[in-house]
Amino acid sequence: MKVEGTFVRSRVARRILALFMLCAFVPALTLALLTLGQVRNLLREQAHAQLVHASKAYGLNVYERLLLVHRDLQQMAADLREGTGLGGATPKMIPGTYASLSVVGPQARPVPILGEPLSWPQIGGPALTHLNANESVLVVEPASGAAPRIVLVQLIDPGRPERFALAAELNPVELWGAPDDFSEAVGVCVLAETGAKLFCSQPGPASDSASAASTVPEPARTSDATAQQAMIAGQWQLFLKPKFYAPSWTVIETEPVSAAIAPIEQFTRIFIGVTVLSLLLVALSSVVQVRRTMGPLEKLIDGIRRLAGADFTHQVEVSGSDEFGQLATAFNQMAARLGRQLDTLKVLSRIDQVILSKVDVDPVFALALTEIGALTPAGSAVIVVPESAAAGEARAYRLAADGQQISRITVAPPLLSRIAARPEGLWLDAADAAALKCALEPGAGRGGSLFVLPIMDRGNVCAFTCLALADPAPLADAVLAPLRELCDRVGVALSAAARDEQLIYQIRHDDLTGLPNRLLFKERLSQEVASARRDGRSLALLYVDLDRFKSVNDSLGHTAGDELLEQTAQRMRTCIRESDTLARLGGDEFAVVLTNISGPRAVSTVAEHIVEALSGPFVVGQHESYVSASIGIAICPTDGADSEDLLKKADTAMYRAKDAGRGRFVFFEERMNAEAVERLALERELRQALLRNEFSLHYQPQFDLRTGRITGAEALLRWTHPIRGLVAPSAFIAVAEDTGLIEEIGRRVLLDACAQHAAWQSAGLRPPRIAVNVSGRQFRRGDLVLLVEDALRRSGSAASALEIEVTESLFMDESANAVAMLDKLRQMGVQVAIDDFGTGYSSMSYLKRLPVDVLKVDQSFIADMTDNFDARAIAKAIIKLAQTLNKSVVAEGVETAEQVALLKRWRCHRVQGYYFSRPLAADRFAELLRQQQRPTEPQDEAVSMLPATDAAR
């Protein structure tokens, strides 16, 4: 190929050539350097990640071996406990696991079972506590000139005072692995927390690299531990303290950097050669391509100038079939088409005006048929719009002398499929013409030919134009192009009309189930209520809410929840008549309107069918899920005469069904409305009470049964309503919980209790610890610890002045968060008590691990324990349980001397109740403290506890 240099005279050509060279050479060289560096770094990172993974796997393997030895030692200890003594049968052991095994004791000579005798290791007090829990303690004993010895100690019988134990030195080969198990390229080392090497598979440089790597900070991925070669290290920490009460070990695996990046060397040589060759090819190709671009470009520029001057006949000539040749051909076709479109633009704009201004699509057909008659030589034309493709029904539009005529015809589905497959148009033979039965003028389809041009909308035939032509010759492009434009405009009109209908449907129906939505349902309900009132009939409104639907969404995902809602709609459809209305109001709420009902029994039957239909299992996402339905029923005109009133009352009845246990239906009763109004009023007054500071605290003292002195107080909330008077907490706490007001109320209770404790101290009193009840919602907010800190800081009280009371149900839903927050509170010095213990979800497993200081026996057990044997047994068991777990126990609701006598006999720590004192205002509680703290004679004798006076009560 001869390359001519004349094109370089063009400034554009010179700029393009310079840019080609610049954009090729600079990125290619930069990419080469960056790629090599990136590949090296990637190989290093991959090697490090593999080493970290391998070190973790090795560490877990070592941990599994330690656990196996631990279980073996426990079994041997059990065998020794069951024998007659040290002289009994030798316990079974795993072969090859131990280098030495002895029975040792702090004050006894070791008795070897296997290998050399071992001595009692140096174990501190916490480790002894760990041993007493029937756990093993791991001890690393240094050995001169050799690797440290790993010794496991297991008490034979933790309950015996002589503390005989099994001491087992582990076989290094069984613990760390045989030398043949390790790769020569990768070194493995295990380091103690002090940095001492417990084991290394490759002594020497690899071992030193591992030691150095253990001191490298976490972001550093490689360690250059020796002067001989750079190493890559990955490490993982094996935590041993929870199980073996020993410091953690660090497992380190090292690999030379040269081995990690070895695959890049050959790639570097190939990559550089390919890059240089690519740059040379780019330079040559740039010169050739610039020359081939500028010639056709100049011809196209000349053609554009002529097109701007309205010369649509000029043809741009570019030889070749490449993109420039295609561009020249497309340009010539565009110029010709623009000339034709200018002639038909006014016609099309008139059609567009009709499409935009008319709601009815029929005038578009009249205008399009008029223009088709003017553009084509057709003797007659008709536009056919299929209504039902399966049935072959369609509407035919044609122009007659008296205007547009519309007739209904039949189009065979196979013919419609053939038309759809030929978007460019289809000539019909005599058989197809007879089958089509177009509403053409009489005789127009006979002796001539029919040409059909489909009108497409998103791949489907929405209509087609049928022309009766005397000459079967193909239509010229000058005729066919504007004809297609007209058909496209008709398609746009049909699509706009269909879209409007679809939007109206979507606005009034639920996308998921296809049921009427809330908007359409309210319209239909209003219509049915008006019709029922006019005809003197009754109707029923069923408000249906799915129970436990949220658990399906949370556990299986929203896709499964949507599928369950679809199945719910299908099941509910089978429970009602065609004349009834079923709608989805939103979420998991449905509504049913039963028209022309005969009485409540008929409504109950439908409700029972719905409850039964929804009680069966739902197969969702290959899982069986169970929900139920709570249904509220309102009758018109008995319960309401308008749609809004019926909806409100059916909703109220539905919530009553949920409160009654779910999975049932409830008819509306007027007292439900009164309760709802009362609840709303109470909620409003609670908010006003917060603004007006109508809440106050009373304090019920807690007495020590041994000394009779006040050792605690429970802060109890009181609401002094300006009209209702003193409102009991049982009347408003539940409302405060549901509305979230309990969070602000609880915050103020904490502040007031701490402030009152500080005020009593300032008055020279020695106030006891104050117990404050905390709601589960305060735990769910996650800021309870901050609230307690703020209350203590503002009052200046010590954390020991406060006790937090929680209920057992808190640990069912918020176990992890609640335990974490209670741990933080106890670390601050705040005590934690479980209130109403025994009435919730009492579990020994969580009681053992919970950070709890006090158990409060529920007053229901205390009240019945003198007359009810079961209540007495439960109360006694709780008190004994608390004593066994070293927890303080408080008996609530003590009101009789008999109860006091039993509690004294069981050595209950503290009591509170009306027998001693009612809850007192702050000033009266202070007076009670002053009476108790007055000097008595003799000073060292305990004050005997007496029943409270009537005034104190």
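What you are looking at is a predicted structure, and each value in this text was computed from that prediction instead of being measured. (Residues numbered from 1 in each chain as written. Predicted model: local features only at pLDDT ≥ 70, side-chain atom pairs only at ≥ 80, totals over all residues. Heavy atoms only, no water.)

Focus on the state of the cysteines
All chains considered together, the criterion is met by one disulfide. Between the sulfur atoms of C189 and its disulfide partner C200 the distance amounts to 1.9 Å. Taking the sign of the S-S torsion, about 120° here, the bridge from C189 to C200 comes out right-handed. Placement of the pair is C189 in strand β6 (residues 187-191) and C200 in strand β7 (residues 197-200), with a sequence separation of 11 residues. The exposure classification of C189 matches that of C200, with both residues buried. (Disulfide = S-S within 2.5 Å. Helix = DSSP H or I, 4+ residues; strand = E, 2+ residues; numbered from the N terminus. Buried < 20%, exposed > 50% of the residue type's maximum accessible area, 1.4 Å probe, protein only.)

Section: helix α19 (residues 729-739)
Among all positions in α19, only F732, V735 and A736 are buried. With its buried residues spanning 105° around the axis, α19 presents them on a single face. For α19, the exposed residues lying more than 90 degrees away from the buried face are S730 and D738. The first or second residue beyond α19 is G740, which carries a positive phi of 90°. (Arc of directions from axis to C-beta.)

Examining the sheet that holds strand β22 (residues 628-636)
Here five strands make up an open sheet; going across it, the order is β18-β19-β17-β22-β23 and the pairing mixed. Sheet topology places β18 (581-586) and β23 (665-667) at the edges, where each strand pairs with a single neighbour. Pairs of neighbouring strands in the sheet enclose a mean axial angle of 20°, with direction left out of account. The sheet contact formed by strand β17 (residues 539-547) and strand β19 (residues 589-594) spans six bridges and is antiparallel. Pairing of L542 across the sheet is with V592, part of β19. (Pairing = 2+ DSSP bridges. Axes fitted to C-alpha atoms, helices over the stretch in contact; angles between N-to-C directions.)

Regarding the sheet that holds strand β16 (residues 460-469)
If you trace the six strands from one edge of the open sheet to the other, you get β13-β12-β11-β16-β15-β14, paired in antiparallel fashion. In this open sheet, the two strands that pair with only one neighbour each are β13 (403-410) and β14 (426-428). Between one strand axis and the next, the sheet turns by 25° as a mean value, whatever way the strands run. Here helix α12 (residues 477-508) sits on the sheet in contact with β11 (380-388), β15 (449-457) and β16, set at roughly 45° to β15. (Contact = heavy atoms within 4.5 Å.)

Let's talk about the nonpolar core
If you look at the biggest cluster of nonpolar residues, it comprises 78 residues, and the most contacted ones within it are F695, L750, V788, I804, V894, L903 and V911. Excluding anything up to four places from it in sequence, L750 contacts V772, L784, L787, V788, A791, L802 and I804. (Core = buried A, V, L, I, M, F, W, Y, C linked by side-chain atoms within 4.5 Å.)

A few points about the environment of K56
Mapped onto the elements of the fold, K56 is located in helix α1 (residues 11-82). Between the C-alpha atoms of K56 and W236, which are 180 residues apart in sequence, the distance is 5.4 Å.

Remarks on the packing of helix α20 (residues 741-762) against helix α22 (residues 784-795)
In the contact formed by α20 and α22, the axes pass within 8 Å of each other and the chain directions differ by 30°. With respect to their mutual orientation, α20 and α22 come out roughly parallel. Every pair of crossing elements has a handedness; the one defined by α20 and α22 is right-handed. Two secondary-structure elements touch here, α20 through R747, L750, L751, C754, A755 and A758 and α22 through L784, L787, V788, D790, A791, L792, R794 and S795. Of the residues assigned to the contact of α20 with α22, the class counts are 10 nonpolar, one polar and three charged. (Parallel < 35°, antiparallel > 145°, perpendicular 65-115°, else oblique. Left-handed = near helix turned anticlockwise from the far one by under 90°. Nonpolar A, V, L, I, M, F, W, Y, C, P; charged D, E, K, R; others polar.)

So, the packing of aromatic side chains
Scanning the entire structure with this criterion turns up 16 aromatic pairs. With a centroid separation of 6.1 Å and an interplanar angle of 50°, the aromatic rings of Y699 and F925 are classed as tilted. One end of the pair, Y699, is in strand β24 (residues 695-704); the other, F925, is in helix α29 (residues 922-933), with 226 residues separating them in the sequence. Owing to a relative accessible area of 2%, Y699 belongs among the buried residues under this scheme. Taking relative accessible area as the criterion, F925 reaches 0% and is therefore assigned buried. Here W719 and F732 contribute two aromatic rings whose centre-to-centre distance is 5.4 Å and whose plane-to-plane angle is 85°, an arrangement assigned as edge-to-face. With W719 in strand β25 (residues 710-721) and F732 in helix α19, this residue pair connects regions lying 13 residues apart in the sequence. Residue W719 shares its accessibility class with F732, and that shared class is buried. By way of ring pairs, the aromatic residues Y58, W176, F182, F199 and W249 are connected into one cluster. (Phe/Tyr/Trp six-rings, centres within 6.5 Å; stacked < 30°, edge-to-face > 60°.)

Considering the pattern of salt bridges
Under the definition given, this model contains 34 salt bridges. E169 is paired through a salt bridge with R149; the nearest N and O atoms lie 3.5 Å apart. With E169 in strand β5 (residues 165-170) and R149 in strand β4 (residues 146-155), this pair connects stretches of sequence that are 20 residues apart. Of the residues examined, E169 reaches a relative accessible area of 12% and is grouped as buried. Note that E589 and R518 form a salt bridge whose closest N and O atoms lie 3.8 Å from each other. (Salt bridge = Lys/Arg side-chain N within 4 Å of Asp/Glu carboxyl O.)

A word on unusual backbone geometry
Backbone geometry follows two general trends: most residues other than glycine have a negative phi, and most peptide bonds adopt the trans configuration. Residue P637 follows C636 across a cis peptide bond; omega there is 10°. Position of P637 among the secondary structure elements: in the loop between β22 and α17 (643-659). Not every positive phi belongs to a glycine, and N134 is a case in point at roughly 65°. With respect to the helices, strands and loops of the structure, N134 is situated in the loop between α2 (125-132) and β3 (136-143). Phi at N693 takes a positive value of approximately 55°, unusual for a residue other than glycine. With respect to the secondary-structure elements, N693 resides in the loop between α18 (670-692) and β24.

Quick look at the pairing of β22
Counting buried positions over the nine residues of β22 gives nine, a clear majority of the element. Residues of β22 alternate between two faces, with S628, S630, G632, A634 and C636 on one and A629, I631, I633 and I635 on the opposite face, all of them buried. Direction of pairing for β17 relative to β22: antiparallel, over a ladder of nine bridges. Each bridged residue has a counterpart across the sheet, and for D545 the counterpart in β22 is S630. Alignment of β22 against β23, held across three bridges, turns out to be parallel. When the sheet's bridge partners are listed, I633 is paired in β23 with F667. What joins β22 to β23 is α17, and the crossover it makes is left-handed. (Right-handed = clockwise from strand over helix to strand, strands pointing away.)

Remarks on the confidence of the model for the chain
Here the chain averages 80 in pLDDT, and 86% of its residues register 70 or above. Between the elements of the chain, mean pLDDT differs from a low of 47, seen in strand β8 (residues 222-223), to a high of 93, seen in β19. With pLDDT under 50 throughout, residues 217-227 is counted as low confidence; its partners more than four residues away or in other chains account for 21 contacts. (pLDDT = per-residue confidence, 0-100.)

Some thoughts on a positive patch on the surface
Taken together, the side chains of R872, K876, K880, R905 and R907 define a basic patch exposed on the protein surface. Ranked by residues supplied to the positive patch, first place goes to helix α27 (residues 869-884) with three residues. (Patch = residues over 30% accessible without salt bridge, like charges linked within 9 Å, V, L, I, M, F, W, Y side chains within 5 Å. Areas by Shrake-Rupley, 256 points an atom, 1.4 Å probe, with all protein chains shown as cover. Lys, Arg positive; Asp, Glu negative; His and termini not counted. Charge placed at Lys NZ, Arg CZ, Asp CG, Glu CD.)

Details of the packing of helix α15 (residues 558-573) against helix α16 (residues 600-615)
One way to put it is that α15 packs onto α16 with a least axis distance of 9 Å and a crossing angle of 140°. In this structure, the crossing between α15 and α16 has a hand that is right-handed. Across the interface between the two elements, T568, R571 and M572 of α15 pack against I610, A613 and L614 of α16. Split into classes, the residues belonging to the contact of α15 with α16 amount to four nonpolar, one polar and one charged.

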